[in-house]
Amino acid sequence: MTQSVTLYGIKSCDTMRKARAWLDEHGIAYVFHDYKSQGIDAVHLRKWIKQVGWEKLLNKAGTTFRKLPEADKTNLTEERAVALMVAQPSMIKRPVLAAGDALEVGFKPEAYENFFSKV
């Protein structure tokens, strides 16, 4: 593989640990981008949203989203979702795996196998 691979997420997340272990076991070099220490900007999020949609990128099942006031959770739009994710990156579904223009959101071993067979 000639493309650089970046894994976006939060270090302490269990799903992130599984994704990192999978990449390590398969000898795939990657750069880890930690939202907690490095943040994420709206430009990245909008680019990803064009590929996967904001509904897939926004983690509504997570604690951070569930703790929001009801008014912030209802009638969400793409712009409001981007603002929430920039302000609180814990609301971004994890991990986001990027290689060139290819993107994978979430972690499942079979999805990673498929992803790396194409990039």
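Just so it is clear, the structure is predicted and the values come from calculations on it, not from any experiment. (Residues numbered from 1 in each chain as written. Predicted model: local features only at pLDDT ≥ 70, side-chain atom pairs only at ≥ 80, totals over all residues. Heavy atoms only, no water.)

**Student:** I would appreciate a short explanation of the nonpolar core in the present structure.
**Tutor:** Generally speaking, a soluble globular protein has its nonpolar side chains buried in company with each other. Within the largest apolar cluster, 23 residues are counted, with the highest numbers of intra-cluster contacts made by Trp-48, Leu-57, Met-85 and Val-96. Secondary structure elements with two or more residues in this core: helix H3 (42-52), helix H4 (54-57), helix H7 (78-87), strand S3 (96-99) and strand S4 (102-105). The greatest single-element share of this core, amounting to four residues, is contributed by H7. (Core = buried A, V, L, I, M, F, W, Y, C linked by side-chain atoms within 4.5 Å. Buried < 20%, exposed > 50% of the residue type's maximum accessible area, 1.4 Å probe, protein only. Helix = DSSP H or I, 4+ residues; strand = E, 2+ residues; numbered from the N terminus.)

**Student:** Please explain helix H1 (residues 14-25) as it appears in this structure.
**Tutor:** Given 3.6 residues to a turn, an α-helix orients residues that are three or four positions apart in the same direction. In this model H1 runs 16 Å from its N-terminal to its C-terminal C-alpha over twelve residues, within 8% of the 16 Å that 1.5 Å per residue would give. Along H1, the residues classified as buried are Met-16, Ala-19, Trp-22 and Leu-23. Taken end-on, H1 shows its buried residues confined to a sector of 125°, consistent with a single buried face. Across H1 from its buried face, at more than 90 degrees, point the exposed residues Asp-14, Lys-18, Asp-24 and Glu-25. Buried residues in H1 make contact with strand S1 (5-9), strand S2 (31-34), S3 and helix H8 (109-118). Immediately downstream of H1, the backbone of Gly-27 shows phi near 65°, a positive value. (Expected span 1.5 Å × (residues − 1). Arc of directions from axis to C-beta. Contact = heavy atoms within 4.5 Å.)

**Student:** Hey, could you run me through the packing of aromatic side chains in this one?
**Tutor:** Two numbers describe a pair of aromatic rings. These are the distance of the centres and the angle of the planes. Per the stated rule, a full pass over the model turns up six aromatic pairs. Look at Trp-22 and Phe-116: their rings are 5.9 Å apart centre to centre, the planes differ by 20°, and that puts the pair in the stacked class. With Trp-22 in helix H1 and Phe-116 in helix H8, the pair connects residues that are 94 residues apart, well separated along the chain. Each member of the pair Trp-22 and Phe-116 is classed as buried. Counting every residue linked through ring pairs, the aromatic cluster contains Trp-22, Phe-107, Tyr-112, Phe-115 and Phe-116. The aromatic ring of Phe-32 is capped on one face by Arg-20, whose charged end is 4.2 Å from the ring centroid. (Phe/Tyr/Trp six-rings, centres within 6.5 Å; stacked < 30°, edge-to-face > 60°. Lys NZ or Arg CZ within 6 Å of the ring centre and 35° of its normal.)

**Student:** What should I look at first to understand the sheet that holds S3 in this one?
**Tutor:** Hydrogen bonds along the backbone pair up the strands of a sheet, which may run parallel or antiparallel. Reading across from one edge, S2-S1-S3-S4 is the order of the four strands in this open sheet, with mixed pairing throughout. Each edge of the open sheet carries a strand with a single partner, namely S2 and S4. Taking each pair of neighbouring strands and ignoring which way they run, the sheet shows an average axis angle of 20°. By the bridge criterion, four bridges tie S3 to S4 in an arrangement that is antiparallel. Bridge pairing in S4 places Val-96 opposite Val-105. Seen against the sheet, H1 touches S1, S2 and S3 and runs at an angle of roughly 165° to S1. Each of S1, S3 and S4 is contacted by H8, which is oriented at about 180° to S4, the strand it contacts most. (Pairing = 2+ DSSP bridges. Axes fitted to C-alpha atoms, helices over the stretch in contact; angles between N-to-C directions.)

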